[in-house]
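In case you want the letters, here they are:
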Amino acid sequence: MFVFKTPFETTYSNLPSIFFKEQLPTSIRKPELVLFNHDLYRELTDHSIEISNEEIASFLSGNKIPEGAKPIAQAYAGHQFGHFTMLGDGRAILLGEHLSPTHQRFDIQLKGSGTTPYSRRGDGRATLRSMLREYIVSEAIFHLGIPSSRSLAVVKTGEPVYRESTHQGAVLTRTMSSHIRVGTFEFARNFGTIDDLRALTAYTIHRHYPELEEWPHPALGLLETVMKKQLDLIVSWMRVGFIHGVMNTDNTGLAGETYDYGPCAFMNGYHPGTVFSSIDRDGRYAFGNQPSIIHWNMYALANALLPLFDDDAQKAMQKGQSILDAFEKDFKDAYQNMMAHKIGFSSSSTEINELVDQLLQIMQSENMDYTNTFRGLLEEQSLSTLRSVIPDWWRKREELLSYYNISNEEAKAEMQKVNPAFIPRNHVVEFVLDIAESGNLQPLQDLLNAVKTPYIPQLNHPSWNFSPENHDKEYVTFCGT
Ligand code: AMP
Ligand code: MG
């Protein structure tokens, strides 16, 4: 029996053949289950897993293929750091699509399962450390209430993976509502025919936004809808201090989910220029640049969809532009509204926006912790310290709260919902990964437990709530390892 009782569907394979290549995973020496996400499995199936760990490991390593499945590697292109290039699943294989009990469709993908026709010079493999890291951060983002891919399992391969040094190999099972990317549309536009582009657009609309099928201009509706989804996603990242780290167009999904957890990290001390990724030397994907980058990525999507906006090229440009032009104002409104909630107000106003800006300026110049400062506004034990650090700001906020007739209790209730008390901090993530690599999974399990309830203070590991001084100065994250 396979991990899932119901056979996979394969609707993606009904697209024109340029969009994928049939590809079996490469079998591995010694599959061993390291993590299995029982909560996620229950959401996907409505029951508990009924097969042994050995069987799970042989399926979710790609050693055994479920009967009737037709695994594929997907084709896509993308702008990487602004440069257009052909990509595709170089180390991922889509096993199939699973329908949940609520009829939601999920891609079930193996990551690190061997080379494909799109591997270029890559080895198709992934390290245990990077797959465990993706598991932790994707679960954290999901439990923070932010749309995300999820991690169903990590299976060790028992084989070495060669990077700058030798690592243990692993395969991650990733679930996501689809892997259709801005880069998939760029691929269709640049390497396919107009019919290929039409087919992909119709498929995407049908799968994610069927309501658009009734619209007079579905392609324009798609751009507008995706832009809104991405705008909301980035506002959520900004809310929790998340830096994706590699917002290339192949890592921007049409369904508006966070995915490709490579060099991502949570910010500790507030600074909009925060960058951790080793390859992001110019800070293109820095914390504070994320809104303008997603706007840029939406230009890339519009450019790919352009022929579908209008037969007349000039008119097509105008139509696309008028949608893209709304981004700045819409983003600003959504961002300011979110930040107002973070300091206890139910919507933004000029005075509240100023108050937010002042706080961010103080936080930046004093290198104050992003998560703990906002959370500190509502936790009794940190309030007195915070009040003494920012007495003038505190007084202004009290005045504004009473001006808007908001009680401290009401403010607290607003803030509790949006200001996390716990994020997986960089030093903690690295610590649990070091220990997990040597075979002890307990600290990792503790961390996975803690990220499940991010809006409740975590009391079991007090040192996990603060970043050690200057830790982040030296902290570097790596892509695609
Ligand atoms: P990412 O940085 O994960 O978004 O990947 C960018 C591109 O590089 C995608 O086409 C990946 O499939 C490919 N890639 C990353 N790592 C590997 C690898 N080890 N082997 C083959 N392709 C890879
Ligand atoms: Mg990618």
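Position labels on residues start from 1 in each chain and follow its written sequence. Chain letters start at A and ligand numbers start at 1, both assigned in the order the entries are written. The predicted origin of the model limits local features to residues at a pLDDT of at least 70 and limits the giving and counting of side-chain atom pairs to 80 or more, whereas totals for whole chains, interfaces and linings rest on all residues. The basis for every side-chain value is the complete set of non-hydrogen atoms in the structure, without hydrogens or water.

Around the magnesium ion (ligand 2), the protein contributes the donor atoms N251 (OD1) and D260 (OD), which lie 1.9 to 2.2 Å from the metal centre. Comparing N251 with D260 shows no difference in burial state: the two are buried. Think of the donor list as every N, O and S atom within 2.8 Å of the metal, or within 3.2 Å for Na, K and Ca; water never makes the list, so a site can look incomplete. Each residue is placed in one exposure class: buried if its accessible area under a 1.4 Å probe, protein chains only, is under 20% of its type's maximum, exposed if it is over 50%, and partly exposed if it falls in between.

To continue, consider the site of ligand 1. Distances are taken per atom, and a residue is near a molecule or strand as soon as one of its heavy atoms is within 4 Å of it. Near ligand 1 you find 18 residues, and of these G88, G90, D123, G124 and D260 are the closest. G124 places a main-chain nitrogen or oxygen 2.8 Å from a nitrogen atom of ligand 1. Within 3.5 Å is the distance limit for a polar contact, defined as a pair of N or O atoms, with the added protein rule that one can donate a hydrogen and the other accept it, and that residues adjacent in sequence qualify only through two side-chain atoms. One nitrogen or oxygen atom from the side chain of D260 is found 2.8 Å from an oxygen atom belonging to ligand 1. The Shrake-Rupley method, run with a 1.4 Å probe sphere, supplies the accessible areas, and residue values consider only the shown protein chains as cover. Look at ligand 1: alone it shows 480 Å² of surface, and the protein chains cover 85% of it. Charged residues are taken to be Asp, Glu, Lys and Arg, nonpolar residues to be Ala, Val, Leu, Ile, Met, Phe, Trp, Tyr, Cys and Pro, and polar residues to be all remaining types, Gly included. For the shell around ligand 1, the residue count by class is two nonpolar, eight polar and eight charged.

Bringing the pairing of strand β7 (residues 105-111) into the picture now. Burial analysis of β7 places six of its seven residues in the buried class, which makes it a mostly covered element. Any two strands with at least two DSSP bridges between them are considered paired. Per the convention used, a helix needs a DSSP run of H or I reaching at least four residues, while a strand needs a run of E reaching at least two, with both numbered from the N terminus. Linking strand β6 (residues 92-99) back to β7 in an antiparallel pair, the connection comprises five residues, with H103 at a positive phi of about 65°. For β7 and strand β9 (residues 166-176), the ladder comprises five bridges, and the chain directions are antiparallel. Paired with L110 across the two strands is T173, which belongs to β9.

Before going further, it helps to examine empty space enclosed by the protein. The distinction between a cavity and a pocket rests on a 1 Å grid over the protein atoms alone: a 1.4 Å probe fits inside a cavity but cannot get out, while a pocket stays open yet meets protein on both sides within 12 Å along at least five of seven lines, and a residue with an atom within 4 Å of a point counts as lining. Grid points are joined across faces, edges and corners, and a volume is the space filled by probe spheres set on the points. Taken as a whole and judged by the stated rule, the model has five cavities of 30 Å³ or more. Space inside the largest cavity adds up to approximately 60 Å³. Contributing to the lining of the largest cavity are 13 residues, with Q230, L233, W237, N251 and T252 lying nearest its centre. Take the lining of the largest cavity: its biggest share by element is four residues, from helix α6 (residues 218-240).

What follows deals with the environment of P420. The topology assignment puts P420 in the loop between α14 (408-418) and α15 (426-437). Its relative accessible area of 3% is what places P420 among the buried residues. In the structure, P420 is positioned 131 residues away from N289 in sequence and 22 Å away in space, judged by C-alpha atoms. With sequence-adjacent residues up to four places away left out, P420 is seen in contact with L144, V240, K342, T371, R375, P454 and Y455. Pairs of residues are marked as contacts when any of their non-hydrogen atoms sit within 4.5 Å.

Time to look at the domain arrangement of the protein. Looking at the protein, the domain boundaries give domain 1 (11-182) and domain 2 (334-366 + 378-418). Centre-to-centre, using C-alpha coordinates, domain 1 lies 42 Å away from domain 2. Throughout the structure description, domain borders are defined by an automatic or database domain assignment.

So, on to the nonpolar core. Grouping buried Ala, Val, Leu, Ile, Met, Phe, Trp, Tyr and Cys residues that are joined through side-chain atoms within 4.5 Å yields what is termed a nonpolar core. Counting 96 residues, the largest nonpolar core has F185 and I343 as its most contacted members. In terms of residue count, α6 provides more of this core than any other element does, 13 residues in total. Both domains that meet at this core, namely domain 1 (11-182) and domain 2 (334-366 + 378-418), each give it at least three residues. Once residues lying within four places of it in the same chain are set aside, the contact partners of I343 are I352, L355, V356, L359, F374, L377, W393, R397 and M415.

What follows is about the packing of aromatic side chains. Here a pair means two rings of Phe, Tyr or Trp (six-membered ring of Trp) with centres within 6.5 Å. Their orientation is stacked below 30 degrees between planes, edge-to-face above 60, and tilted elsewhere. Applying the stated criterion across every chain yields a total of 23 aromatic pairs. For the pair F2 and F4, a centre-to-centre distance of 5.9 Å together with 55° between the ring planes defines the contact as tilted. A single burial state applies to F2 and to F4, both of which are buried. Relative to F191, the ring of F187 has its centre 5.7 Å away and its plane inclined at 40°; by these criteria the two rings are tilted. On the criterion of helical spacing, the pair formed by F187 and F191 is a turn pair, its members being four residues apart in helix α4 (residues 182-191). A relative accessible area of 45% places F191 in the partly exposed class. Taken together, the aromatic side chains of F2, F4, F8, F36, Y41 and F59 make up a single cluster linked through ring pairs. The ring of F142 carries R150 above its face, with NZ or CZ at 3.5 Å from the centroid. Working rule: Lys NZ or Arg CZ, within 6 Å of ring centre, within 35 degrees of ring normal, means a charge sits over the ring.

Right, let's talk about the pattern of salt bridges for a bit. Side-chain pairs of opposite charge can arise whenever the charged atoms involved come near each other. Note on definitions: salt bridges are taken to be side-chain nitrogens of Lys or Arg within 4 Å of carboxyl oxygens of Asp or Glu. Per the stated rule, a full pass over the model turns up 28 salt bridges. A salt bridge links R207 to D107; the nearest nitrogen and oxygen atoms lie 2.7 Å apart. Residue R207 is found in helix α5 (residues 194-208), and its partner D107 is found in strand β7; the two are separated by 100 residues along the sequence. Each member of the pair, R207 as well as D107, is classed as buried. Between K228 and D232 there is a salt bridge, with the nearest N and O atoms lying 2.9 Å from each other. Residue K228 and its partner D232 are both found in helix α6; the two are separated by four residues, about one turn of the helix. Judged by its relative accessible area of 47%, K228 falls in the partly exposed class. Each of E9, E97, R105, D107 and R207 takes part in one network of salt bridges that share partners.

The next thing to look at is the packing of α5 against α6. Between α5 and α6, the shortest axis-to-axis distance is 11 Å and the interhelical angle comes to 60°. By the angle between their directions, the pair α5 and α6 is classed as oblique. For the pair α5 and α6, the crossing hand works out as left-handed. Contacts from T201, T204 and I205 in α5 reach P218, A219 and L222 in α6. Looking at the contact of α5 with α6 residue by residue, the class counts come to four nonpolar, two polar and no charged. Geometry is summarised by axes, namely lines fitted to C-alpha atoms with helices restricted to the contacting stretch, and by angles between N-to-C directions that run from 0 to 180 degrees. Working rule for angles: under 35 degrees goes down as roughly parallel, over 145 as roughly antiparallel, 65 to 115 as roughly perpendicular, anything else as oblique. By convention, the crossing between two helices is left-handed when the near helix turns anticlockwise from the far helix through less than a right angle, and right-handed when the turn is clockwise.

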